[in-house]
Amino acid sequence: MSVTEFIHQDKEAKRFSFEVLPPLKGTGTAKLFADIDKLREFDPAYINITTHHSEFVYHELENGQFERRRIRRRPGTIAIAAAIQQRYQIPVQPHVICSGATIEDIEYELLDLQFLGINDLLLLRGDKAKEDSRFQPTPGGHAHTTDLMAQVKRFNEGYFADGTPIKNPGRPFDYGVACYPEKHEEAPNLEMDMQYLKQKQDLGAQYAVTQLFFDNEKYYAFVEKARQMGITIPIIPGIKPMAKLSQLTVVPKTFHCDIPEPLAKEVVKCKTDEDAKQLGIEWTTQQCKDLYAHGVHNIHFYTVSAVDSVAEIVKRLVVRG
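Because the structure is a prediction, the values reported are computed rather than measured.

A. Structural context of the overall build of the protein chain. Per the secondary structure count, the protein chain includes eleven helices and ten strands. Look at the contacts in the protein chain between residues 6 or more apart in sequence, and 76% of them connect residues 24 or more apart.

B. Representation of the nonpolar core in the model. If you look at the biggest cluster of nonpolar residues, it comprises 64 residues, and the most contacted ones within it are Ile 36, Ile 84, Leu 121 and Phe 301. In terms of residues, this core owes the most to one element, helix α3 (residues 77–88), which gives six residues. Setting aside residues up to four positions removed in sequence, Ile 84 forms contacts with Val 20, Phe 33, Ile 36, Ile 47, Ile 49, Gln 89 and Val 92. Residues Val 209, Cys 257, Ile 259 and Leu 263 belong to the second largest nonpolar core, which totals 24 residues.

C. Summary view of the pattern of salt bridges. Applying the stated criterion across every chain, the model contains 14 salt bridges. Residue Glu 157 pairs with Arg 154 through a salt bridge whose shortest N-O separation is 3.7 Å. Given the relative accessible area of 45%, Glu 157 is considered partly exposed. The class of Arg 154 is partly exposed, set by a relative accessible area of 36%. Each of Lys 153, Arg 154 and Glu 157 takes part in one network of salt bridges that share partners.

D. Region of interest: the packing of helix α7 (residues 216–228) against helix α10 (residues 273–293). Axis separation between α7 and α10 bottoms out at 10 Å; the angle between their running directions is 30 degrees. Taken together, the axes of α7 and α10 lie roughly parallel to each other. Seen from above, α7 lies across α10 with right-handed handedness. Along the contact surface, α7 presents Asn 216, Tyr 219 and Tyr 220, while α10 presents Gln 287, Asp 290 and Leu 291. Of the residues that constitute the contact of α7 with α10, the class distribution is three nonpolar, two polar and one charged.

E. Just the environment of Pro 91, in detail. Mapped onto the elements of the fold, Pro 91 is located in the loop between α3 and β5 (92–97). Expressed as a C-alpha distance, the spacing of Pro 91 and Ser 17, which sit 74 residues apart in the sequence, is 9.9 Å. When neighbours within four sequence positions are excluded, Pro 91 is seen to be in contact with Met 1, Phe 6, Ala 45, Tyr 46 and Ile 47.

F. Fine view of α7. Between its first and last C-alpha, α7 extends 19 Å over 13 residues, near the 18 Å set by a 1.5 Å rise per residue. Every buried residue of α7 is listed here: Asn 216, Tyr 219, Tyr 220, Phe 222, Val 223 and Ala 226. Down the axis of α7, the buried side of the element spans an arc of 160 degrees, and every buried residue falls inside it. For α7, the exposed residues set more than 90 degrees away from the buried face come down to Glu 217 and Gln 228. Elements that come into contact with the buried residues of α7 comprise β7 (174–179), α6 (190–202), β8 (208–212), β9 (235–239) and α10.

G. Main features of the pairing of β8. Most of β8 sits out of view: five of its five residues are buried. Of the strand pairs in this sheet, β7 and β8 are connected by three bridges, and their pairing is parallel. Its bridge partner being in β8, Val 177 is matched across the sheet by Ala 208. In this view, the connection linking β7 to its parallel neighbour β8 by way of α6 has right-handed handedness. In terms of handedness, the path from β8 via α7 over to β9 forms a crossover that is right-handed.

H. Summary view of the side chain of Thr 303. Summarising the element assignment, Thr 303 is placed in the loop between β10 (298–302) and α11 (307–317). With relative accessibility at 5%, the residue Thr 303 sits in the buried group. There is a polar contact of 2.6 Å between the side chain of Thr 303 and the backbone oxygen of Glu 19. Residues within four places of Thr 303 in sequence aside, it is in contact with Phe 18, Glu 19, Val 20, Leu 39 and Val 310.

The rules behind these values
Throughout, a residue's number is its position along its own chain's written sequence, starting from 1. Only residues with pLDDT of at least 70 are given local features in this predicted model, and only at 80 or more are side-chain atom pairs given and counted; all residues enter the totals for whole chains, interfaces and linings. Computation of side-chain values: all heavy atoms of the structure, hydrogens and water removed. Where helices and strands are cited, they refer to DSSP runs of H or I of at least four residues and of E of at least two residues respectively, numbered from the N terminus. Residues count as neighbours in contact if any of their non-hydrogen atoms are within 4.5 Å of one another. Joining through side-chain atoms within 4.5 Å is the link that ties buried Ala, Val, Leu, Ile, Met, Phe, Trp, Tyr and Cys residues into a set, and such a set is a nonpolar core. A simple rule labels every residue: compare its accessible area, found with a 1.4 Å probe on the protein chains alone, to the largest value its type can have, and call it buried under 20%, exposed over 50%, or partly exposed in between. Any Lys or Arg side-chain nitrogen found within 4 Å of a carboxyl oxygen on Asp or Glu counts as a salt bridge. Convention adopted: a line fitted to C-alpha atoms gives each axis, helices being fitted over their contacting stretch, and angles between N-to-C directions are expressed from 0 to 180 degrees. Should an angle fall under 35 degrees it is taken as roughly parallel, and over 145 as roughly antiparallel, whereas 65 to 115 is taken as roughly perpendicular and any remaining angle as oblique. Note on convention: the crossing is left-handed when the near helix lies turned anticlockwise from the far helix by less than a right angle, right-handed when the turn is clockwise. Under the convention adopted here, Pro, Cys and the residues Ala, Val, Leu, Ile, Met, Phe, Trp and Tyr are nonpolar, Asp, Glu, Lys and Arg are charged, and Gly plus all remaining residues are polar. By this rule, a helix spans an expected 1.5 Å times one less than how many residues it contains. Directions pointing from the helix axis toward each C-beta atom define the arc. Should DSSP find at least two bridges between two strands, the strands are taken to pair. Orient the strands so they point away from the viewer, and a crossover whose first-strand-to-second-strand path over the helix runs clockwise is right-handed. Whenever a nitrogen or oxygen atom comes within 3.5 Å of another N or O atom, the pair is scored as a polar contact, on the condition that within protein one atom can donate a hydrogen and the other can accept it, and that pairs from neighbouring residues in sequence are kept only if both atoms are in side chains.

Interpretation in functional terms is not warranted from these geometric data alone.
Laid out in structure tokens, this is it:
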């Protein structure tokens, strides 16, 4: 069953999915599979696999000078997606991004994914490179998610990026996109940001997954406004439990989302990271129960540094297919 079919499946069911990172290069897959093992018993609808831009590192030479090299610390999104699908028989959804990739690179990714029978994608612009002050398109690549979507749409229609017909087009890709209940950091306002989401729907996006948030009211208001603007695709809430004291200040800065005052007041009472972790479990459990009570039937969890917390939350929710 495809990710899209899961999302449109029985709306009475309470389902969840989760995101994982490919391992750092050289570290192997043991920890990744151990993390997945903690969640698979609860029957996840699908597993999402991130991908990342390359970055510059400085390598010291024998003469004491430094050479700047570009590396990817987490390669292998497509390989990891294939390994997860084969090992667990769970649908996978790799990220395909503009950042750090040329149009030709993306075309090869699509071909590899098609060969592997992986037909569900999350299409994203991707983050800016760490050394850049703002997003810089890769030479020969795309500047916007909508450009990437147009390429995938054209591929689905049976054409390579240069216009050459594909002799055997194969099964078309399904794809979702990201959205931001509290506005993308680069958007001038929420209304314009939502107009971009409408464009993504018009280009064939079949669902959207939100950036993480802690205040459900902002999600409900976002969905209501989206429906008023003619955005009809499912909007899946993206959730991540707070797991460390430092996240009180780090999360709002990194993900551009507010910490609700009731949660912030409780976090400052925490003395240890374990206190913060338990608070995160309690808050997120109630947050998810409220979402399900409001008719949401798919919740997406961001698990980085929070796998154990997510496993405990899902266990409390008794999410079963």
